[in-house]
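Next come the chains, spelled out residue by residue.
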Amino acid sequence: MLSFWEKQTWFTNVDYCIVGGGLVGLSTAIHLRNENPRAKIVVVERGFLPTGASTKNAGFACYGSPSEILDDLQTETEKEVFQKVERRYQGFHLLHSWLGSDKLGYERLGGYEVFQSGETQLYLDVLDKLDYLNKSLNSIFKTDTFVLADSLIPKFGFNAIDHCIHI
């Protein structure tokens, strides 16, 4: 329970209340501070430490996996989906410019989407659209975004993984 002083100091005359102290919440707070230097901005978190998506993704910055993007294309237009990927990419670079590589601890290592044995049809659907996705995203990333990487499966020691795509 908060004391009278805490309520009066922290939660009175608030201009912006941001729910979540993870990557998105703190990025929003930074943006708002830059746009409104005199605004009272409060960031609230469920627990003592952030415990949402930013902590559960182990610090990965991902713009979307092939299957995620294809799934989005089932309910959104191409323009909406690819603009969303571009906004994620631009947002990361904006955050990077605000904080710098050292403070972020950023290392560009790429990511992987893996497909288990029971996901053969999903993999075939993704494989069928891989060239389309790479061509559509080339204007953002200036290279093929998704590359087949089955040869890495033994190196990583994955069990029950049939296919792997490097992101």
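It should be noted that the structure appears before, not after, this text.
Residues numbered from 1 in each chain as written. Predicted model: local features only at pLDDT ≥ 70, side-chain atom pairs only at ≥ 80, totals over all residues. Heavy atoms only, no water.

### Re the sheet that holds strand β4 (residues 147-148)
Here's step 1: With antiparallel pairing, the three strands of this open sheet are ordered in space as β3-β5-β4. Bordering the open sheet on either side are β3 (112-116) and β4, each of which pairs with just one other strand.
Here's step 2: Alignment of β4 against strand β5 (residues 161-166), held across two bridges, turns out to be antiparallel. Looking at the pairing, Leu 148 lines up with Ile 165 of β5. (Pairing = 2+ DSSP bridges. Helix = DSSP H or I, 4+ residues; strand = E, 2+ residues; numbered from the N terminus.)

### So, the pattern of salt bridges
Here's step 1: One pass over the structure, following the stated rule, counts three salt bridges.
Here's step 2: With a shortest N-O distance of 3.1 Å, Lys 84 and Asp 72 are connected by a salt bridge. Of this pair, Lys 84 sits in helix α5 (residues 78-104) while Asp 72 sits in helix α4 (residues 66-72), and the two are twelve residues apart along the sequence. This pair shows no difference in class: Lys 84 is buried, exactly as Asp 72 is.
Here's step 3: Two residues, Lys 84 and Glu 76, come together in a salt bridge whose shortest N-O distance is 3.0 Å.
Here's step 4: With relative accessibility at 25%, the residue Glu 76 sits in the partly exposed group. (Salt bridge = Lys/Arg side-chain N within 4 Å of Asp/Glu carboxyl O. Buried < 20%, exposed > 50% of the residue type's maximum accessible area, 1.4 Å probe, protein only.)

### Some details on the packing of aromatic side chains
Here's step 1: Enumeration according to the criterion identifies seven aromatic pairs in this entry.
Here's step 2: Judged by centre distance (5.3 Å) and plane angle (75°), the ring pair of Tyr 63 and Tyr 89 falls under edge-to-face. Here Tyr 89 lies in helix α5 and Tyr 63 lies in the loop between α3 (53-56) and α4, a separation of 26 residues in the sequence.
Here's step 3: The class of Tyr 63 is buried, set by a relative accessible area of 16%.
Here's step 4: Classification of Tyr 89 by relative accessible area gives partly exposed; the value is 23%. (Phe/Tyr/Trp six-rings, centres within 6.5 Å; stacked < 30°, edge-to-face > 60°.)

### Side note on unusual backbone geometry
Here's step 1: If you check the backbone angles, Asn 13 has positive phi at about 55° while not being a glycine.
Here's step 2: By the element assignment, Asn 13 lies in the loop between α1 (4-10) and β1 (16-19).
Here's step 3: Relative accessible area serves as the criterion here: at 66%, Asn 13 is assigned to the exposed category.
Here's step 4: Of note, the phi angle at Lys 142 is positive, near 65°, even though the residue is not glycine.

### Quick look at a nonpolar patch on the surface
Here's step 1: On the surface, Leu 2, Trp 5, Trp 10, Phe 11 and Val 14 cluster together to form a nonpolar patch covering roughly 490 Å² of accessible area.
Here's step 2: Its place among the elements puts Trp 10 in helix α1. (Patch = residues over 30% accessible without salt bridge, like charges linked within 9 Å, V, L, I, M, F, W, Y side chains within 5 Å. Areas by Shrake-Rupley, 256 points an atom, 1.4 Å probe, with all protein chains shown as cover.)

### Looking at helix α2 (residues 23-35)
Here's step 1: Counted at 1.5 Å a residue, the expected span for α2 with its 13 residues is 18 Å, and the 18 Å between its end C-alpha atoms agrees.
Here's step 2: What α2 keeps buried is the set Gly 25, Ser 27, Ala 29 and Leu 32. (Expected span 1.5 Å × (residues − 1).)

### Topic: the environment of Val 43
Here's step 1: On the secondary structure map, Val 43 appears in strand β2 (residues 41-44).
Here's step 2: Residue classification places Val 43 among the partly exposed residues on the basis of a relative accessible area of 34%.

### A look at the side chain of Lys 84
Here's step 1: Lys 84 gets classed as buried once you look at its relative accessible area, which sits at 19%.
Here's step 2: With residues near it in sequence (within four places) discarded, Lys 84 still touches Asp 72 and Glu 76. (Contact = heavy atoms within 4.5 Å.)

### Things to note about the pairing of β1
Here's step 1: For β1 and β2, the ladder comprises four bridges, and the chain directions are parallel. Note on β2: the bridge partner recorded for Cys 17 is Val 42.
Here's step 2: With α2 bridging β1 and the parallel β2, this β-α-β connection has right-handed handedness. (Right-handed = clockwise from strand over helix to strand, strands pointing away.)

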